[in-house]
Amino acid sequence: DNGIVQVLDLKNNGRIINEQKMHDNIIMDLDLTLKEELALVTSKDKTATLFDPETLNIIQKYMPDHPKRNINSGKISPLFKNSDEGNQLYHVFLGGGQESREVTFTSAAEGGFELLIYDLISGEEISSISDQFSPINTISISNSGKMLAYGGEEANVKLYHLNDDYFNLKSY
């Protein structure tokens, strides 16, 4: 619960090779790209951090502008490094929200329950989906990048077939 990411050497009894403080609170989720070029961690400190998993150098910090939103889950679009250059999407998906014990009659916007889409490079929010009434705890994206799923404390999973509106989102 100290916000540190560590690289361990499993051949030498888990000796710490490298470590970097990424967050000021508990890390909630970790995502790696398919070829392990990038990693993303999310935290209860209300931020997400994109970094190089080999060097642990921080590349980008995502800081949603909401005072109550913990970031419980995050995913990097599998299309960020697509061999078909016309279909590359440099997106990061983030979800979370206000702690459920603090929620009474909070709307999605007030509780920070939206699924946020960020430009991977600039760190700017480019879109959101607002259909949750509780914190988002997990996000998943298909390898094709065409299906998105997320779930939370509403006890269900929402599955989206991403349409042209998503694929036409402009990055900065």
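A brief structural summary. Predicted model, so just to flag it, every value in this text is computed and none were measured. (Residues numbered from 1 in each chain as written. Predicted model: local features only at pLDDT ≥ 70, side-chain atom pairs only at ≥ 80, totals over all residues. Heavy atoms only, no water.)

1. Considerations on the overall build of the chain
Thinking step 1. Each helix and strand counted, the chain has two helices and 13 strands in total.
Thinking step 2. Looking at the chain as a whole, 45% of its 172 residues are labelled buried. (Helix = DSSP H or I, 4+ residues; strand = E, 2+ residues; numbered from the N terminus. Buried < 20%, exposed > 50% of the residue type's maximum accessible area, 1.4 Å probe, protein only.)

2. Comments concerning a nonpolar patch on the surface
Thinking step 1. There is a patch of nonpolar side chains on the surface, built from Leu8, Leu10 and Ile16 and spanning about 310 Å² of accessible area.
Thinking step 2. Of note, Ile16 is situated in strand S2 (residues 15-21). (Patch = residues over 30% accessible without salt bridge, like charges linked within 9 Å, V, L, I, M, F, W, Y side chains within 5 Å. Areas by Shrake-Rupley, 256 points an atom, 1.4 Å probe, with all protein chains shown as cover. Salt bridge = Lys/Arg side-chain N within 4 Å of Asp/Glu carboxyl O.)

3. Side note on the pairing of strand S3 (residues 27-32)
Thinking step 1. One ladder, built from five bridges, connects S3 with strand S4 (residues 39-43); its direction is antiparallel. Directly across from Asp29, in S4, lies its bridge partner Thr42.
Thinking step 2. Where S3 folds back onto S4 in an antiparallel hairpin, the turn is made up of six residues, including Glu36, whose phi is positive at roughly 60°. (Pairing = 2+ DSSP bridges.)

4. Structural notes on the sheet that holds strand S6 (residues 58-62)
Thinking step 1. Pairing is antiparallel in the open sheet, where four strands are placed in the order S3-S4-S5-S6. Among the strands making up the open sheet, the edge pair consists of S3 and S6. Strand-to-strand twist across the sheet, computed as the mean angle between neighbouring axes with direction ignored, equals 15°.
Thinking step 2. In this structure, strand S5 (residues 48-51) lies alongside S6, joined through four bridges in antiparallel fashion. Within S6, the position partnered with Ala48 by the bridge is Tyr62. (Axes fitted to C-alpha atoms, helices over the stretch in contact; angles between N-to-C directions.)

5. Re the sheet that holds strand S9 (residues 115-119)
Thinking step 1. Ordered in space as S7-S8-S9-S10, the four strands form an open sheet in which the pairing is antiparallel. Edge positions in the sheet fall to strand S7 (70-76) and strand S10 (125-129), since each has one partner strand and no second. Going from strand to strand, the sheet's axes swing by 25° on average, the running direction of each strand aside.
Thinking step 2. Note that strand S8 (residues 91-97) and S9 share four bridges and pair antiparallel. Along S9, the bridge assignment pairs Val92 with Tyr118.

6. Looking at the pattern of salt bridges
Thinking step 1. Per the counting criterion, the structure on display carries four salt bridges.
Thinking step 2. In this structure, the salt-bridge partner of Lys75 is Asp29, at a minimum N-O distance of 3.1 Å. Residue Lys75 is found in strand S7, and its partner Asp29 is found in strand S3; the two are separated by 46 residues along the sequence. Side by side, Lys75 and Asp29 carry an identical accessibility label, which is buried.
Thinking step 3. Close ionic contact of Glu154 with Lys158 constitutes a salt bridge, the shortest N to O distance being 3.4 Å.

7. A few points about the side chain of Ser73
Thinking step 1. Structurally, Ser73 can be placed in strand S7.
Thinking step 2. A residue is classified by how much of its surface remains accessible, and Ser73, at 1% relative accessible area, is buried.
Thinking step 3. At a separation of 2.7 Å, a polar atom in the side chain of Ser73 contacts the side chain of Asp29.
Thinking step 4. Discounting chain neighbours no more than four positions away, the residues touching Ser73 are Asp29, Thr42, Phe93, Leu94, Gly95, Asn137, Thr138 and Ile139. (Polar contact = N/O pair within 3.5 Å; in protein donor to acceptor, adjacent residues only side chain to side chain. Contact = heavy atoms within 4.5 Å.)

8. With respect to the layout of surface pockets
Thinking step 1. Approximately 360 Å³ is the volume attributed to the largest pocket.
Thinking step 2. Considering the residues around the largest pocket, the lining is formed by 16 residues, among which Thr33, Leu34, Ser77, Pro78 and Asn143 are closest to the centre.
Thinking step 3. Secondary structure elements with two or more residues in the lining of the largest pocket: S3, S7 and strand S11 (136-141).
Thinking step 4. For the lining of the largest pocket, the class distribution of residues is six nonpolar, five polar and five charged. (1 Å grid on protein atoms, 1.4 Å probe; cavity = no way out; pocket = protein on both sides within 12 Å on 5 of 7 lines; lining within 4 Å. Points joined across faces, edges and corners; volume = space filled by probe spheres on them. Nonpolar A, V, L, I, M, F, W, Y, C, P; charged D, E, K, R; others polar.)

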